[in-house]
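What the coordinates show
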Amino acid sequence: MHNFTPVSAILGGGLIGLAASLLWLANGRIAGVSGIVGNLGSARAGDIAWRVAFIAGLVAAPLGYVSLAGVPPIQLDASTPAIIVGGLLVGFGTRLGSGCTSGHGVCGLARLSPRSIVATCLFMAAGFVTVFLLRHLMEG
Amino acid sequence: MMAALASGALFGLGLTVSQMTNPAKVLGFLDIAGDWDPSLALVMLGALAVAAPAYWLARHLNQPLCADSFARPVEAEVDNRLIIGALLFGVGWGLVGYCPGPALASLGFASGRTLLFVASMLIGMAAFAAVSPDSFPSVLRHNTRH
């Protein structure tokens, strides 16, 4: 476990929890990234601005942060075909399953939603199995 | 509007500070048989420790502070759509190490390969939106409830 970074993980997690709390208490909206992005195309006129604002903050704030604190490591080892297939699966799967790590994994668990608890267990399990197959069976 | 902007900003900062914007770190969590990195679990715990009391607090509010009503997710049953969608998402997550939030949060400072992931993800989302629910295989249309 020599890559374990407990302090930054809890601090960053706290900020994510604060973000989810703010969006629910102020706007009455779930901070689920796949839903906020994925429903952008079909949203009614009055339902668009907050989505755009959330995405703008999501992209701009880290950019501002790294310009002060330096760019953190980004190690993306997947091959180009894997990136494309993975992206398609993440996009389609999160819409079909009505949520991702933020909507089900943070907001849903915090609300004790049975659907989100099931979804979180399933996407975690699928992730564990996929990585196990790729790293330990196929590369043996 | 301003609350949504601030929420997105806090969300992005949290993902960056916790290094969830690094796919190798996420895959380190998913690799339980390897050199396991439990950081992602602590990110979720940290988020839940703040968000769970806030959701509980909101039960005592008739309406949000800046909107007319809470957009409560429909509490339907666990159906095949949820199950298959979550499994497909998990496979894609395990292939690359990106889920939607971190991919978008690092878009401004990551490489073109991250952009390729985000573009593929948006195409996947658009593909879902383009397929009408009626054209899904029946296994996706019906609840498991009989």
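No experiment lies behind these values; they were computed from the predicted model shown. (Residues numbered from 1 in each chain as written. Chains lettered and ligands numbered in written order. Predicted model: local features only at pLDDT ≥ 70, side-chain atom pairs only at ≥ 80, totals over all residues.)

1. Observations regarding the overall build of chain B
Helix and strand content of chain B: seven helices and zero strands. Mapped in sequence order, the helices and strands of chain B form the string α-α-α-α-α-α-α. Scored against the burial criterion, the 146 residues of chain B give a buried share of 49%. Long-range pairs, those at least 24 residues apart, make up 47% of the contacts in chain B with a sequence separation of at least 6. (Helix = DSSP H or I, 4+ residues; strand = E, 2+ residues; numbered from the N terminus. Buried ≥ 20, exposed ≤ 12 C-beta atoms within 10 Å, placed from the backbone. Contact = placed C-beta atoms within 7 Å.)

2. Considering the interface of chain A and chain B
Chain A puts 102 residues into the contact, and the matching count from chain B is 101 residues. Per element, the largest residue contribution to the side of chain A that touches chain B is 21 residues, and it comes from helix α1 (residues 6–27) of chain A. When its residues are assigned to classes, the side of chain A that touches chain B shows 65 nonpolar, 31 polar and six charged. (Nonpolar A, V, L, I, M, F, W, Y, C, P; charged D, E, K, R; others polar.)

3. Thoughts on the environment of F92 of chain A
Topologically, F92 of chain A is positioned in helix α4 (residues 80–96). We classify F92 of chain A as buried; it has 25 C-beta atoms within 10 Å. Remark: the alpha-carbon pair of F92 of chain A and G127 of chain A, spanning 35 residues in sequence, is separated by 16 Å. Residues within four places of F92 of chain A in sequence aside, it is in contact with L88, G124, A127 and F128 of chain B.

4. Observations concerning the confidence of the model for chain B
Residues and elements named next belong to chain B. Taken residue by residue, chain B gives an average pLDDT of 91. The fraction at 70 or more is 90%. In this model, residues 141–146 is a region of pLDDT below 50 whose contacts with residues beyond four sequence positions or in other chains number seven contacts. Quick note on the complex model: pTM equals 0.94, ipTM equals 0.97. (pLDDT = per-residue confidence, 0-100.)

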